[in-house]
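Here's the letter readout for the chains.
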Amino acid sequence: MTSLFEVVSTESSVDTPIRRITVTVNGKQHTLDVEPRLLLAHLIRQGLELTGTHTGCDTTSCGACTVLIDGVPVKSCTMLAVQADGHDVTTVEGLASASELDPIQEGFRDEHGLQCGFCTPGMMLTAKALLDENPNPTEDEVRWALSGNLCRCTGYQNIVKSVLLAAEGLRAKDDVEEDEAS
Amino acid sequence: MTIDEVKIGGLGARRSRVEDNRFIRGMGNYVDDITLPGMLHMEILRSPLAHARIKSIDTSAAMAIPGVQLVLTGELLASRNLAWMPTLSYDTQAVLATDKVRFQGQEVACVVADDPYIAKDACEAIVVDYEALPVIVNPTQAMADGAPIIRDDKENQHDNVVFDWEVGDKDGTDRAFAAADVVSELELHYPRSHPSPIETCGSIADFDRATSKLTVYMTTQAPHIIRAAVAMVAELPEHMIRIVSPDLGGGFGNKVPIYPGYVVSILASILLERPVKWIEDKTGNLISTGFGRDIYLRGQMALRNDGKILAVRMHTDSDHGAFFSDAQPSKFKIGLMHSAFACYDIPVAHLTARGVYTNKAPGGVAYRCSFRITEAMFFQERMVQVAADDLGIDQAEIRRLNFVQDDDFPHRTPFGFLTDSGQYAKCLDIGLEAIGYEDFLKQKEEARKNGRLLGIGISTMTEPLGAGNSREYDILGIKMFDSAELRVHMTGKAILRTGAKTQGQGHETTWAQIVAHELGIPADDVVVEEGDTDTAPFGMGTYASRSTPVAGAAVSMVSRKIRAKARKIAAHLLEVSEEDIEWELGRFYLRSSPESGVTIQECATAAYSNVPDGMEPGLENNAYYDPPNLTWPFGCYITTVEVDPLTGVWDVLNVVAVDDCGVRINPMIVEGQIMGGLAEAYAIANMQLITFDSEGNCVGSNYMDYLLPTAWETPGFELHEVVTPCPHHPIGAKGVGECATVGGPAAFVNAVLDALKGTGVRNIDMPLLPDRVYEALTEGHDVSGAPPTRTG
Ligand code: FES
Ligand code: FES
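The rules behind each value
- Residues numbered from 1 in each chain as written.
- Chains lettered and ligands numbered in written order.
- Predicted model: local features only at pLDDT ≥ 70, side-chain atom pairs only at ≥ 80, totals over all residues.
- Heavy atoms only, no water.
- Patch = residues over 30% accessible without salt bridge, like charges linked within 9 Å, V, L, I, M, F, W, Y side chains within 5 Å.
- Areas by Shrake-Rupley, 256 points an atom, 1.4 Å probe, with all protein chains shown as cover.
- Salt bridge = Lys/Arg side-chain N within 4 Å of Asp/Glu carboxyl O.
- Lys, Arg positive; Asp, Glu negative; His and termini not counted.
- Charge placed at Lys NZ, Arg CZ, Asp CG, Glu CD.
- Helix = DSSP H or I, 4+ residues; strand = E, 2+ residues; numbered from the N terminus.
- Buried < 20%, exposed > 50% of the residue type's maximum accessible area, 1.4 Å probe, protein only.
- Pairing = 2+ DSSP bridges.
- Axes fitted to C-alpha atoms, helices over the stretch in contact; angles between N-to-C directions.
- Contact = heavy atoms within 4.5 Å.
- Domains from an automatic or database assignment.
- Buried area = accessible area lost by both parts, 1.4 Å probe.
- Polar contact = N/O pair within 3.5 Å; in protein donor to acceptor, adjacent residues only side chain to side chain.
- Core = buried A, V, L, I, M, F, W, Y, C linked by side-chain atoms within 4.5 Å.

1. A look at a negative patch on the surface
Residue and element names in this part refer to chain A.
So, point 1. A contiguous patch of negative charge on the surface is contributed by Asp 174, Asp 175, Glu 177, Glu 178, Asp 179 and Glu 180.
So, point 2. Mapped onto the elements, Glu 178 comes out in helix H6 (residues 157–181).
So, point 3. Judged by its relative accessible area of 54%, Glu 178 is exposed.

Put into structure tokens, the structure is as follows:
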């Protein structure tokens, strides 16, 4: 674990209980000593230095901190790091492979689904969970699925289009893969 | 061979955004993403009371917590003469409270600790003994006899008035009213709202003792203004201050003012000689940083029976909170409120304005707005609808009748602005056609028979953008120009820097498009940088939709300077005189034999390898642009709604926007700006409200109580365009970031009130919450969101 929380745990070791956890983040396993009160969002951002996960509120309302835990979107500002013990976490940094972008990332870029970019990682991960479940959503289904994520810049219309375009891209990709397999 | 401008990403290209490459990978660089070696963390303790005397502050328990490095109070700041700072509106504001707290959420103490958790714990361990004082939460209370003087810290302040101001022709207006057939009246409250970018404010101050240089990473829309202000307040030499505004998670006016958190983090870093990071939490952001609006407007319109507007009278009472820090650069006290009615041909008008102090958070910032024009246009478009209803004239018709005509420009508005271009009636016609106006009116009549309430609302307006021209606009005396610096490297690639600061508008993409348009260098070959005062030329930042009107113009002008030099180099390379060559995009050629020519890239190479005798080598320059006038885009917004008579809930059926923002640099980005603006217009009309109880408690201090629309509530939008180039802007652009937020709210409100037509209801204050609409509908009276206000 990197500096910030390690420093705390050693300097105030007397009454600060420390828990050892093991989490897999974007496919990489980490074993870490953390304070029980440490939020998962802070572990990801400061501890693991994956700053693509943002925090935008104090009340589990904005969704900027959304990550996938075992494929399910979770607001990481409202989960303790210790609760992620033994689980699989995907952050925005885990969306693209080394060589190519995820169709969701392409969708957001091609449909101008972002402006300041602050809500974007959370939006994309929420959208990914939706498309994993439902590869062919309607506009209303997309709007409903994204209703836990706030955006102040775009007015949502292009975000919805981005997700619908990504769905199309994913279906096309699946078709190709099926063709190749058969 | 002629270059295809759209292919190289020039004007009009729907070019994908350069900045998206990092944002979609989670590789943006926002302030909170930055970690410096040895960095400490700061938290602010805020006042729970809106008005109270501070009897004592005990920080001993906080200091005793392991990991706490420093606790700062107003007393400590006062000993260094830093307890108060100037605002950008020539008032003063407490950095940390000394004598009294004057609004809930005011900064009382700061803790700097090894990590943010410890800093938060320590804040809770600080004991403050307050003696509560009577609280003032609206202008009527502020002006009541015997009201406590909120700003008793100021020597000559004997009441709660911030300013009294007027503009226009009072006598002429009185005469016009005396001759009117009909006088219509309207009184309303534009409620307090918060811009609320998802990213809050924050800073990392890093004072380096070895070099005495202070670097501050900061969420600011205007880094150079901050540098100048820090130099003045902290008395540090300006060349030893570097302000860096990295990626911003939205701004909308919220990140223009100077907040105490920034100042204290700087002081803490100087004292501790370590980097100090302050990241505000959402509640802190919502209760203490620049809100928008909170203004009472009332007025009258003098009309002829046929609908011609003869004169307008207006009065505003604005609530500025405890400190006047609206950060607006005009010499007009109530901003550009008097741009109201600019799109109509009205002979005479008069406006009086009073600003007051209350025990609420300071601000009145231009929330996605060019300084009170949102309130101005809202009042204008509500007033026009009321007048149409009073006269029994169609709401589209009354607008058409009074519009400034296309061939009437330049046109002097009744308050003295000069509008210069537009095709107002054409925009309205496109909007009416798109929404299916005539059909909808029939549908509405039919629906009424079945007890269904449909309504249609129109809002048309021209708004002044740019906050520039140095005669009338400055901040702390600094004139409102903007700047660009362009360096073309020897291979023809380039770097452009401007004094603006993008917050989502996509400058990294669009500025390169202007260079491509002017020089024929592909946009992909131009990298754009902003936000670092050590490298960017001095500029006034991004707000008031001023980037394209001012900094964008500077980009054009600097490109033209480069082209002028390249032309000399081209003549040298072609061994002819300058008069013998012509320019086409990306290339100079011989007039006598057009196939012989040199490209801009070849000129760039020669600038470093083969310049004519007597010419300085290199191909770089800068431009400072002082616009001759404001720019005047036009917007027409039309919405249709259905109101449920059983609940007062209203649904949006359609939204049509017709925007004329002049020449569009990147239509995709322009459309994105308009849709974002429309969503905020809908939000303000429908749900977004920061309110206060009688004790000054902020109701709406978090996203559970301050309602922002999600993808689910937000309606879809249909966009149309008209292009009337700005006559004085080098590429004819006018700016667009705020138009829809400025003009949009009245379209929604007018639509709901249109659905209620026949009930006698003339006004419901925003937000049009279901209970307000239901009350209006069932009781047949107006519904005010705030107590009636009369301050004089
Ligand atoms: S930061 Fe987690 S929901 Fe807002
Ligand atoms: S893009 Fe700025 S908040 Fe969504």
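Next comes the rest of the description.
2. Things to note about the sheet that holds strand S30 (residues 620–625) of chain B
Residue and element names in this part refer to chain B.
So, point 1. Taken together, 4 strands build an open sheet; the order of strands is S26-S25-S24-S30 and the sheet is mixed. A strand with exactly one partner marks an edge of an open sheet, and here the two such strands are strand S26 (526–530) and S30. Each strand of the sheet is rotated relative to its neighbour by a mean of 15 degrees, with strand direction disregarded.
So, point 2. Relative to S26, strand S25 (residues 494–498) runs parallel, the two sharing 5 bridges. Directly across from Thr 498, in S26, lies its bridge partner Glu 530.
So, point 3. With respect to the sheet, helix H14 (residues 507–519) is in contact with strand S24 (482–488), S25 and S26, its orientation differing from that of S26 by roughly 130 degrees.
So, point 4. In this fold helix H15 (residues 547–574) packs onto S24, S25 and S30, with an angle of close to 145 degrees to the strand it touches most, S30.

3. Focus: the pattern of salt bridges
Residue and element names in this part refer to chain B.
So, point 1. A full pass over the atoms with the stated rule returns 67 salt bridges over all chains.
So, point 2. Between Glu 107 and Arg 46 there is a salt bridge, with its nearest N and O atoms 3.4 Å apart. Here Arg 46 lies in strand S1 (residues 40–46) and Glu 107 lies in strand S7 (residues 107–113), a separation of 61 residues in the sequence. A single burial state applies to Glu 107 and to Arg 46, both of which are buried.
So, point 3. For Arg 242, the salt bridge goes to Asp 532, with nearest N and O atoms at 2.7 Å. Placement of the pair is Arg 242 in strand S13 (residues 241–244) and Asp 532 in the loop between S26 and H15, with a sequence separation of 290 residues.
So, point 4. Looking at Asp 532, the relative accessible area reads 12%, which means it is buried.
So, point 5. Each of Asp 91, Asp 99, Lys 100, Arg 102, Arg 151, Asp 152, Asp 153 and Lys 154 takes part in salt bridges that share partners, so that together they form one network.

4. Quick notes on the domain arrangement of chain A
All names here are of chain A.
So, point 1. What the domain assignment reports for chain A is domain 1 (19–94) and domain 2 (103–176).
So, point 2. The C-alpha-based centres of domain 1 and domain 2 are spaced at 21 Å.
So, point 3. Listed as interface residues are 17 residues of domain 1 and, on the opposing side, 13 residues of domain 2.
So, point 4. Buried area between domain 1 and domain 2, summed over both chains or domains, comes out near 1,100 Å², and the portion from carbon and sulfur atoms is 66%.
So, point 5. At the boundary of domain 1 and domain 2, one finds 0 salt bridges.
So, point 6. Viewed at the interface, domain 2 and domain 1 are joined by 5 residue pairs in polar contact (both at pLDDT 80 or more).

5. Examining the nonpolar core
Residue and element names in this part refer to chain B.
So, point 1. Of all hydrophobic cores here, the largest spans 214 residues; its most connected members are Phe 341 and Tyr 543.
So, point 2. With residues near it in sequence (within four places) discarded, Phe 341 still touches Met 301, Val 312, Met 314, Ile 346, Phe 379, Gln 380, Met 383 and Pro 414.
So, point 3. Judged by nonpolar contacts, the second largest core, of 47 residues, contains Leu 519, Leu 574, Ile 600 and Ile 665.

6. Observations regarding the sheet that holds strand S2 (residues 28–34) of chain A
Residues and elements named next belong to chain A.
So, point 1. On the basis of which strands lie adjacent, the open sheet formed by 5 strands has the order S2-S1-S5-S3-S4 and mixed pairing. Two strands close off the open sheet at either side, each with one partner strand: S2 and strand S4 (72–75). Within the sheet, the average angular offset between the axes of one strand and its neighbour, ignoring direction, is 40 degrees.
So, point 2. Of the strand pairs in this sheet, strand S1 (residues 19–25) and S2 are connected by 7 bridges, and their pairing is antiparallel. Each residue of the ladder has a partner; that of Thr 22, found in S2, is Thr 31.
So, point 3. In the packing of helix H2 (residues 40–47) onto the sheet, the strands contacted are S1, S2, strand S3 (66–69) and strand S5 (88–90), and the crossing angle to S3 comes to about 100 degrees.
So, point 4. Of the strands in this sheet, S3, S4 and S5 are in contact with helix H4 (residues 120–133), which crosses S3 at around 35 degrees.

7. Quick word on the domain arrangement of chain B
Often, the extent of an interface is quoted as the loss of accessible area upon association of its parts.
All names here are of chain B.
So, point 1. By domain assignment, chain B separates into domain 1 (20–27 + 482–625), domain 2 (34–133 + 198–250 + 255–288) and domain 3 (295–467 + 629–779).
So, point 2. Between domain 1 and domain 3, the C-alpha centre-to-centre distance is 38 Å.
So, point 3. If you look at the interface, domain 1 gives 22 residues, while domain 3 gives 21 residues.
So, point 4. Together domain 1 and domain 3 conceal approximately 1,500 Å² of surface at their shared face, both sides included; 63% is due to carbon and sulfur atoms.
So, point 5. Considering only the side of domain 1, the residues that lose the most area to domain 3 are Ala 544, Ser 545 and Pro 549, jointly responsible for 34% of the buried surface there.
So, point 6. Seen at the junction of domain 1 and domain 3, the total is 0 salt bridges.

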